[in-house]
Amino acid sequence: VLLSPASAAISTGLVLEGTAGHTQQQLLTLLGAENGDRYADGCRALQSVLTGNPRGYFQLANSMWVRNELEAAVLPDFIERNETYYGALLKAAPFDDTLIPLLNAWVSENTGGRIDKLMEPPLDSDLAMLLGNALSFEGKWKEAFPKENTRDGLFHASSGDLTLPMMTRTKEGLLYKGDGVAAALLPYQDDRTAML
């Protein structure tokens, strides 16, 4: 499982659009953002860079799911800003366990089937709105890892150590070693993206 900083930033932007006053200021401080408009502009630019990849490595989608009976209470400005800056669409639905297959189908459709299950029942009965963000990435290495160099190695998981097959390669683009840290920059075929 990889956690996406881009998804975290974009999802937080969706939330930011529904805040005002002290709550908004606290969130802006947390994000290190000057104001909501600049943050929204930055999120729109980030999404444009990701989805503008000429090889189509990234798929990105945002949505807002609101309880049927609360749809009329959602402010038009909130909907408009989330559509404009995040491409998010508002979807009204019953907030019971029938929502889960709808949300999972939306995620699957917007990730080319790479993510097919985001949620499982039961749905929290206190929920009034869900903000959804789906980001998937499928890139091909510029230089493939040779299969013959795959070796079993020790992986330190939260549940304990596991022995797993690990890809290895000795030729690296950029490499840093020091202070108990080693890092490499591994480019993908598009010459725009890399894993660090």
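Residues numbered from 1 in each chain as written. Predicted model: local features only at pLDDT ≥ 70, side-chain atom pairs only at ≥ 80, totals over all residues. Heavy atoms only, no water.

1. A look at the overall build of the protein
For step 1, the next point in the chain: For the protein, the helix and strand inventory stands at 5 helices and 8 strands.
For step 2, the next point in the chain: Secondary structure of the protein in N-to-C order comes out as α-α-α-β-α-β-α-β-β-β-β-β-β.
For step 3, the next point in the chain: C-alpha extents for the protein along the principal axes are approximately 60 × 40 × 35 Å.
For step 4, the next point in the chain: Within the protein, the fraction of its 196 residues that count as buried is 31%.
For step 5, the next point in the chain: Here the analysis covers contacts within the protein between residues at least 6 apart in sequence; of these, 62% occur between residues at least 24 apart.
For step 6, the next point in the chain: A total accessible area of about 12,500 Å² is found for the protein, and carbon and sulfur atoms account for 56% of it. (Helix = DSSP H or I, 4+ residues; strand = E, 2+ residues; numbered from the N terminus. Buried < 20%, exposed > 50% of the residue type's maximum accessible area, 1.4 Å probe, protein only. Contact = heavy atoms within 4.5 Å. Areas by Shrake-Rupley, 256 points an atom, 1.4 Å probe, with all protein chains shown as cover.)

2. Some thoughts on the packing of helix H1 (residues 5-16) against helix H2 (residues 21-31)
For step 1, the next point in the chain: Running from amino to carboxyl end, H1 crosses H2 at an angle of 165°, the nearest separation of the two axes being 11 Å. Put simply, H1 runs roughly antiparallel to H2. Crossing hand, H1 versus H2: left-handed. Two secondary-structure elements touch here, H1 through Thr12, Val15 and Leu16 and H2 through Gln24, Leu27, Leu28 and Leu31.
For step 2, the next point in the chain: Classifying every residue of the contact of H1 with H2 by side-chain character gives 5 nonpolar, 2 polar and no charged. (Axes fitted to C-alpha atoms, helices over the stretch in contact; angles between N-to-C directions. Parallel < 35°, antiparallel > 145°, perpendicular 65-115°, else oblique. Left-handed = near helix turned anticlockwise from the far one by under 90°. Nonpolar A, V, L, I, M, F, W, Y, C, P; charged D, E, K, R; others polar.)

3. Examining the nonpolar core
For step 1, the next point in the chain: Counting 24 residues, the largest nonpolar core has Tyr39, Tyr86 and Leu135 as the members making the most contacts within it.
For step 2, the next point in the chain: Among the secondary structure elements, those contributing two or more residues to this core are H1, H2, helix H3 (36-51), strand S1 (58-67) and helix H4 (76-86).
For step 3, the next point in the chain: With sequence-adjacent residues up to four places away left out, Tyr39 is seen in contact with Ala9, Thr12, Gly13, Leu16, Leu31, Ala33 and Tyr86.
For step 4, the next point in the chain: Judged by nonpolar contacts, the second largest core, of 12 residues, contains Ala61, Ala93, Leu130 and Ala134. (Core = buried A, V, L, I, M, F, W, Y, C linked by side-chain atoms within 4.5 Å.)

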